[in-house]
Structures are given as structure tokens and as C-alpha cells.
Amino acid sequence: MNLSPKSQSYIELEKKYGAHNYSPLPVVLAKGQGARVWDVDGKEYLDFLSAYSAVNQGHCHPKIVKALMDQAQKLALTSRAFYNDQLGGFEKWICELLGFERMIPMNSGAEGVETALKLARKWGYEVKKVAKDQAKIIVVQDNFHGRTIGIISASTEAASKDNFGPLLPGYVTIPYNDLPALKTALQDPNVVAFLVEPIQGEAGVIVPQEGYLKSAAQMCREARVLFMADEVQTGLARTGKMLACDHEGVKPDVLILGKALSGGMLPISAVLTSSEVMLTIKPGEHGSTFGGNPVACAVARAALEVIQEEKLAERAEKLGQKFRAEISSWNHPLITTVRGKGLLNAIVVKPHGKNAKGEPRTAYDICHDFLDQGLLAKQTHVHAIRFAPPLVITEAELDRGLAAIKKVLDASSK
Ligand code: PLP
């Protein structure tokens, strides 16, 4: 794709003055509405990434924008040194909506996960009575829970960890989707929690076998270990249910939400759990200046109401089935796998042909070609491409996206 001088100038600024911790596709976005975004030259694209599932409700949803503007004009931030008139009502509302006793508000997904890890340890020492500093948390291979030191210490990916040490102890790693390995790990009496993504998003949309979550939750209960679901990416209608755990009727002991909790408007995350777990943390032991601020509470409530009012879980289920069925029906020679749930899907593509550098073309090259067809999607690892459009996408837009995907794959296989 030929970049305009205008796009080029924005990219150069980031290259010159920014950290080089991402390698974005060369498109500079300036506007969004629903499932569509526009670049600085006015070219339209369908967004099939949704900011990694943060924009489930669609870009700039008018109800969420209004909630943001209304509250920002009244009161934006008090810190938790004082009460505000938004937080309590929102806590009650979200606890009743999702069936938990208590909620703690944070900002980024990583902070939500950190909070869950701290809660698990605190509960382990004060309720389960694990000996001082001996608590362990089970995690799985290829997990992705964020970027803090505490979280990358649980990562199995070299790029996330290398030269960021010393890392934190206290994790036991087992393979994903492996109940016998979980059973063995749970035998250690110092284990306080099992932290897991119901579908592994960053690992390439890896869907475990049916019944995995249910059995894992049951095994944790029997071992008196907290089952902690990281639904930062899978939660809030993305997979065709309000929570991905709902597909198996599982209620986690600790639930972590982020991303779509704000419809992409602000960083808002939350951890929901029981009084037994939550109240182990006392005043002064954990917190966040911005967590639970009035704007965040108003925005999150509006974002959740949009999911309910527009029946986004049902939409994700219906459109997701159509999406996978259509792609599978192509029997495309470049696609080895189509997988996913709801509107969180991925295809795995074979290496094919040569790119401009003379290397075998991979998922990255295909995503690059999508730009010419007005489609935004991103590879995860070398061969998988994730497709996660906003759940408000219309059927006609989905069809357009599918046509663009097919066109690029057909051209790539020639
Ligand atoms: N947990 C999961 C499952 C995620 O997919 C992500 C981000 O992609 C995070 C946590 C971290 O969220 P954030 O980037 O908001 O810190």
C-alpha cells in the first residue's frame, strides 16, 4: 500500500519520538463509527480487531459518548480519599448483573489481573492459612495476562520476559486444556489459585475442549483453590455469551474484566468476587487513584447497558457462526484451521510465496494486504490472524469483510 505524505508524517513522528514497543500496520486512523474507521486521508476501513476486543460496542457509541460527556462535565475524579455519588451504585449494579458479592474497580486489564493475584495471595494466607510467602498460583502455557512485572513472571513467552528479570516466584505452569496436569498441580497445599483465560486470545484464539472450564472449576473447588477467570478479552458478549465462562455454566471465584467494560472509551477494569475473598484486603493495602472514578463508573454502566439493550451476545453468537461457516465453506488452500467462538475467531494460514523481502509470506503479509481492501486485522504469532469485529457490525459489513478476506487469500494463493 502506498502511504500518503500525511500518513507518513504521523508514522515518522512515532518512529522518532515514541518507544518502539509495537509494530503497527501502516495505517493512521482519525475517526471511527460503529464497525468502521477512517484514516487521515478519509479512506474507510472495516475494523476486524476492535482494539483487541475493547470496542465490542462499536467505535464512539453515542450512548457511551453521552455518558462520558455528561459525567465529565459534573465530576471526573475524587480519588478514593472521599466517596462519590457514582461508585456505590455502579458496584451494586454490576454485582447484581453478573452475580457477585463485591467488585473492586481498576483501570487497565493488567491492573485487574494484578489485583486478582494479590487477592488470591491474601486469601491464601489469611483464610486458607498457607505459610508466610509460600503461596503459589497455577498458570498455563502461552497465557497472556498483561505486561506488569508480576504478570510477565507468569508468562511463558521469551519476548515478554527476557531481560526484564529478576522475575517473581510463586507460579506453577501447566499446559492449557490439560485437566490431568491441573489435577497434579492442585495437590500442592500451597496452591491458592488457578488463573486462566477461558479462550486464549493472544495465543491465537485457542479454544479448549468442551467441559474444560467446568471440570477445572470443580477440581479447584474440591482442592480449595480459587478459580480465577481472566475475561479481559473474552468477556462482555465477545464470545456469544455475557462471559465466556457462561458457555459451560461456570461461575468463577474471581472474575477479571477490562477492555469492553468501557466500550473502548477509557481504561476501566474490575475484579468481582465474594466477600470472603474481597474483604481480606483492608484500607491502605491496595488501591488506585483513578480506579472507580465517577466518569469510569458512568461510562462502564452505559457500556454494559449497550451490551444488554442491543443484545450483543446474541449478535456475536449468530454472526460468529455465519463467519466461521462461510470461511470453512471456502476450503481455502491457504487456511489450515478456522477456530473461535462468537465473534472471537482466528484462521491459521500456511506460509506461501515470497514477500518483498524475499521471505515466505505469513499472516503479517496477509494483514498488510487487507489494508488495500479496506480491512483491519492483526496477526497473532506468525501464522494466525485474529478476526474480532465490533459486535454491532451489520450483516452487510460482515459480508464485505468476508469478501475482502477471500479476495486477499485468493490473490495470495496464486
Ligand atoms: N488479560 C487478557 C486476557 C488480555 O487479553 C489482556 C490484553 O490483551 C490483558 C489481560 C491486559 O490488558 P491491558 O492491556 O488493558 O493491560
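The structure we're discussing is the one just above.
Here we summarise the structure given alongside this text.

### Structural notes on the environment of V127
With respect to the helices, strands and loops of the structure, V127 is situated in the loop between helix 5 (109-126) and strand 5 (136-140). When the C-alpha positions of V127 and L97 are compared, they lie 27 Å apart, and in sequence the two are 30 residues distant. Dropping the residues within four chain positions of it, V127 is found in contact with K122, R224, E276 and T280.

### A closer look at helix 9 (residues 212-222)
All buried positions along helix 9 are accounted for by Y212, L213, A216, A217, M219 and C220. One side of helix 9 holds all its buried residues, which, seen down the axis, span an arc of 165°. Helix 9 presents K214 and E222 as exposed residues on the side facing more than 90 degrees away from its buried surface. For helix 9, the elements touching its buried residues are strand 5, helix 8 (179-185), strand 7 (191-196) and strand 8 (226-230).

### Topic: the site of the ligand
Residues in contact with the ligand, as listed here, are S108, G109, A110, F144, H145, G146, E197, E202, D230, V232, Q233 and K259. The contact in question runs from an oxygen atom of the ligand to an N or O atom on the backbone of G109, over 2.9 Å. The contact in question runs from an oxygen atom of the ligand to an N or O atom on the side chain of K259, over 2.8 Å. Counted by class, the shell around the ligand contains three nonpolar, five polar and four charged residues.

### Thoughts on the nonpolar core
Membership of the largest hydrophobic core comes to 69 residues, with the highest contact counts inside it found for F48, L272, F370 and F387. Ranked by residues supplied to this core, first place goes to helix 11 (residues 294-309) with 10 residues. Of the residues that make up this core, three or more belong to each of domain 1 (5-57 + 312-412) and domain 2 (62-309). When neighbours within four sequence positions are excluded, L272 is seen to be in contact with I94, C95, L98, F100, R102, M103, D253, V254, L255 and L257. Counting 28 residues, the second largest nonpolar core, distinct from the first, contains I104, A116, A120 and V192.

### Looking at helix 12 (residues 312-329)
Each full turn of the α-helix corresponds to 3.6 residues, which orients residues three or four apart in the same direction. Between its first and last C-alpha, helix 12 extends 25 Å over 18 residues, near the 26 Å set by a 1.5 Å rise per residue. Those residues of helix 12 not exposed but buried are L312, A313, A316, L319, G320, F323, R324 and I327. Projected down its long axis, helix 12 carries its buried residues within an arc of 140°, all on one side. Across from the buried face of helix 12, at angles greater than 90 degrees, the exposed residues are K318 and S329. Where the residues of helix 12 are buried, they touch helix 11, strand 11 (335-341), strand 12 (344-349), strand 17 (384-387) and helix 14 (395-412). Just downstream of helix 12 lies N331, where phi reads positive at about 45°.

### Some remarks on the sheet that holds strand 9 (residues 254-257)
Neighbouring strands of a sheet are bound in pairs by backbone hydrogen bonds; such pairs are parallel or else antiparallel. In space, the seven strands of this open sheet follow the order 4-10-9-8-7-5-6, with mixed pairing throughout. Edge positions in the sheet fall to strand 4 (102-106) and strand 6 (171-174), since each has one partner strand and no second. Across the sheet, the axes of successive neighbouring strands diverge by a mean angle of 20°, strand direction being ignored. As defined by bridge partners, strand 7 adjoins strand 8 across four bridges and the pair is classed as parallel.

Criteria and thresholds
Residues numbered from 1 in each chain as written. Predicted model: local features only at pLDDT ≥ 70, side-chain atom pairs only at ≥ 80, totals over all residues. Heavy atoms only, no water. Helix = DSSP H or I, 4+ residues; strand = E, 2+ residues; numbered from the N terminus. Contact = heavy atoms within 4.5 Å. Buried < 20%, exposed > 50% of the residue type's maximum accessible area, 1.4 Å probe, protein only. Arc of directions from axis to C-beta. Near = heavy atom within 4 Å. Polar contact = N/O pair within 3.5 Å; in protein donor to acceptor, adjacent residues only side chain to side chain. Nonpolar A, V, L, I, M, F, W, Y, C, P; charged D, E, K, R; others polar. Core = buried A, V, L, I, M, F, W, Y, C linked by side-chain atoms within 4.5 Å. Domains from an automatic or database assignment. Expected span 1.5 Å × (residues − 1). Pairing = 2+ DSSP bridges. Axes fitted to C-alpha atoms, helices over the stretch in contact; angles between N-to-C directions.

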